[in-house]
Amino acid sequence: MSTENLPQSPDQPQRKPRVAVVFGGRSSEHGISMVTAGAVLRAIDRTKYDVLPIGITQSGRWVLTADEPDRMAITERRTPNVEQLAESSEGGVVLPVDPANREVVYTEPGSVPKALGEIDVVFPVLHGPYGEDGTLQGLLELSGVPYVGSGVLASAVGQDKEYMKRVFTSFGLKVGPYAVIRPREWEQDESAARKKIIDLAGDHGWPLFVKPARAGSSIGITKVEDLSGLDDAIAEAQRHDPKILVEAALRGREIECGVLEFEDGPRASVPAEIPPPDAHAYYDFEAKYIDSTPGIVPAPLTPEETADVQRLAVDAYEAASCEGLVRADFFLTEDGEFVINEINTMPGFTPISMYPQMWQASGIGYADLVDRLIEAALRRSTGLR
């Protein structure tokens, strides 16, 4: 969608498309969302787009924030939060749920609401529940506002690791052994729920990975070496999500591949390899974001292996009905087979994150990548498609 396609009144000059960058949110990935937002805000071409930064606090309040990307960085091993950048401790931003009206309104107690102008597209750099999981996407569909990334269904499937695996299996993609413990199972019979996990270990061996079923950024995940660590791992996962997923360890190399929407359909990037981090038991939150453990881009694969994982990444994107972007994560097992672990419909998107690095190695730099995602969102309509 070009600027000339935007609605103009006869006496108004043409205006640039307006991008609302929405970040923060109620999930445990709030801080990483802000780091991502800082990178996106820094990269957006301000000669081409107007930008409106909107933060969502951890309590769920939508606020105007300062357009200051440098304040959205990890400092002293701590992630930032929206409250630090909010322009008011009481004011809030309202997006009308009316497809005929895309005007954003700012309200403060005791003051007349202020119109902030229309937005043409939302770039939601939210990770985890209440943002990446289809909830925000549903709101934007009701509002008739185009947005970057996948729609309601794909976002929900991409967030819930159980149903993600079920979808992949139904499309013939191979997944590793796993067990799911739902909150009702745990509440009604802890011993039976625990036995499901122990049986998984009996069939496939230790270690196991215990994780929240609907979280990302490796938050809440524990590598469990034996039965003695199981209860603590369950408690840690349930701290982030009452539904937990337990996966058997797969012996092999961790390979990732990016998928990006082009005008003629999705294409895969060169893949990357995540080597075992020296100072961490696995590629956990601190390895990813605090210590910035580097990946190998491109991954040292044979041409045949590269073609296979690129094809499988696009297959996973299509299986979940994704749009815009996806990072697909695989294990290349010792017998040479690719097993898909998960997809991320809004992957880590800082310049040091693997998704932008893979596209950089594929010939698309960070700023160009941001621009392509916005353009793809402007090409799409909301609603059934």
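Note that this is a predicted model, so its numbers are computed, not measured. (Residues numbered from 1 in each chain as written. Predicted model: local features only at pLDDT ≥ 70, side-chain atom pairs only at ≥ 80, totals over all residues. Heavy atoms only, no water.)

Remarks on the overall build of the protein chain
Now for step 1: In terms of regular secondary structure, the protein chain is built from eleven helices and 16 strands.
Now for step 2: Over its C-alpha atoms the protein chain spans a radius of gyration of 21 Å, differing by no more than 12% from the 21 Å that the globule rule assigns to 385 residues.
Now for step 3: For the protein chain, the spread of C-alpha atoms along the principal axes amounts to about 75 × 50 × 40 Å.
Now for step 4: Here the protein chain, with 385 residues, has 55% of them falling under the buried criterion.
Now for step 5: For the protein chain, the share of sequence-separated contacts (at least 6 apart) that also reach a separation of at least 24 residues comes to 65%.
Now for step 6: Of the roughly 16700 Å² of accessible surface on the protein chain, a fraction of 49% belongs to carbon and sulfur atoms.
Now for step 7: Each charge class in the protein chain was averaged separately, 37 positive and 59 negative side chains, and the resulting centres sit 2 Å apart. (Helix = DSSP H or I, 4+ residues; strand = E, 2+ residues; numbered from the N terminus. Rg over C-alpha atoms; globule rule 2.2 N^0.38 Å. Buried < 20%, exposed > 50% of the residue type's maximum accessible area, 1.4 Å probe, protein only. Contact = heavy atoms within 4.5 Å. Areas by Shrake-Rupley, 256 points an atom, 1.4 Å probe, with all protein chains shown as cover. Lys, Arg positive; Asp, Glu negative; His and termini not counted. Charge placed at Lys NZ, Arg CZ, Asp CG, Glu CD.)

What about the pairing of strand S15 (residues 325–333)?
Now for step 1: Burial of S15 is extensive: nine of the nine residues sit out of reach of the surface.
Now for step 2: Burial of the side chains of S15 extends over both faces: Leu325, Arg327, Asp329, Phe331 and Thr333 are buried on one face and Val326, Ala328, Phe330 and Leu332 on the other.
Now for step 3: Here strand S12 (residues 252–262) pairs with S15 via nine bridges, running antiparallel. Bridge assignment links Leu260 to a residue of S15, and that residue is Leu325.
Now for step 4: As paired strands, S15 and strand S16 (residues 338–344) are joined by six bridges and run antiparallel to one another. If you follow Phe330 over to S16, its bridge partner there is Ile340. (Pairing = 2+ DSSP bridges.)

Section: the packing of helix H1 (residues 30–43) against helix H11 (residues 366–379)
Now for step 1: As a packed pair, H1 and H11 sit with axes 9 Å apart at the nearest point and diverge in direction by 90°. Taken together, the axes of H1 and H11 lie roughly perpendicular to each other. Facing H1, whose interface residues are Thr36, Ala39, Val40 and Ala43, H11 presents Tyr366, Ala367 and Val370. (Axes fitted to C-alpha atoms, helices over the stretch in contact; angles between N-to-C directions. Parallel < 35°, antiparallel > 145°, perpendicular 65-115°, else oblique.)

Here's the deal with the packing of aromatic side chains
Two aromatic rings, taken as a pair, are described by how far apart their centres are and by the angle between their planes.
Now for step 1: A full pass over the atoms with the stated rule returns five aromatic pairs.
Now for step 2: Within the aromatic cluster, the residues linked to one another by ring pairs are Phe123, Phe349, Tyr355 and Tyr366.
Now for step 3: Seen from the ring of Tyr130, Arg26 lies directly overhead, with NZ or CZ sitting 3.9 Å from the centre.
Now for step 4: Here the guanidinium or amino end of Arg166 rests over the ring plane of Tyr163, the centre of that ring lying 5.9 Å away. (Phe/Tyr/Trp six-rings, centres within 6.5 Å; stacked < 30°, edge-to-face > 60°. Lys NZ or Arg CZ within 6 Å of the ring centre and 35° of its normal.)

Description of the confidence of the model for the protein chain
Now for step 1: Across the protein chain, the average pLDDT comes to 90, with 92% of residues at or above 70.
Now for step 2: Here residues 1–10 is a poorly scored stretch, pLDDT under 50, and it has 17 contacts once near neighbours within four places are set aside; other chains count.
Now for step 3: Here residues 287–291 is modelled with pLDDT under 50, and outside its nearest four sequence neighbours on either side it reaches 18 contacts, counting other chains as well. (pLDDT = per-residue confidence, 0-100.)

Considerations on the layout of surface pockets
Now for step 1: Taken as a whole, the second largest pocket holds about 230 Å³ of empty space.
Now for step 2: For the lining of the second largest pocket, the leading source of residues is helix H3 (residues 152–159), giving three residues.
Now for step 3: In terms of residue class, the lining of the second largest pocket is made up of six nonpolar, three polar and three charged. (1 Å grid on protein atoms, 1.4 Å probe; cavity = no way out; pocket = protein on both sides within 12 Å on 5 of 7 lines; lining within 4 Å. Points joined across faces, edges and corners; volume = space filled by probe spheres on them. Nonpolar A, V, L, I, M, F, W, Y, C, P; charged D, E, K, R; others polar.)

Here's the deal with the nonpolar core
Now for step 1: Counting residues in hydrophobic clusters, the biggest one holds 36 residues, and the most contacted among them are Val21, Ile44, Phe123, Phe349, Val370 and Ile374.
Now for step 2: Among the elements of the structure, strand S1 (18–24), H1, strand S7 (121–124), S12, helix H10 (354–361) and H11 are those that each provide at least two residues to this core.
Now for step 3: No other element matches the seven residues that H11 contributes to this core.
Now for step 4: Not counting residues within four places of it along the chain, the set of residues in contact with Phe349 comprises Thr36, Ala39, Val40, Leu325, Tyr355, Pro356, Tyr366, Leu369, Val370 and Leu373. (Core = buried A, V, L, I, M, F, W, Y, C linked by side-chain atoms within 4.5 Å.)

Some words on the environment of Pro207
Now for step 1: With respect to the element layout, Pro207 can be found in the loop between helix H6 (190–204) and strand S9 (208–212).
Now for step 2: If sequence neighbours within four positions are ignored, Pro207 has contacts with Lys223, Val224, Glu225, Ala248, Ala249 and Arg251.

Some details on helix H7 (residues 230–238)
Now for step 1: For H7, the complete set of buried residues consists of Leu230, Ala233, Ile234 and Ala237. The buried residues of H7 occupy an angular sector of 100° when projected down its axis, which confines them to one face.
Now for step 2: If you follow the buried residues of H7, they end up packed against helix H5 (183–188), H6, S9, strand S10 (222–224) and strand S11 (244–248). (Arc of directions from axis to C-beta.)

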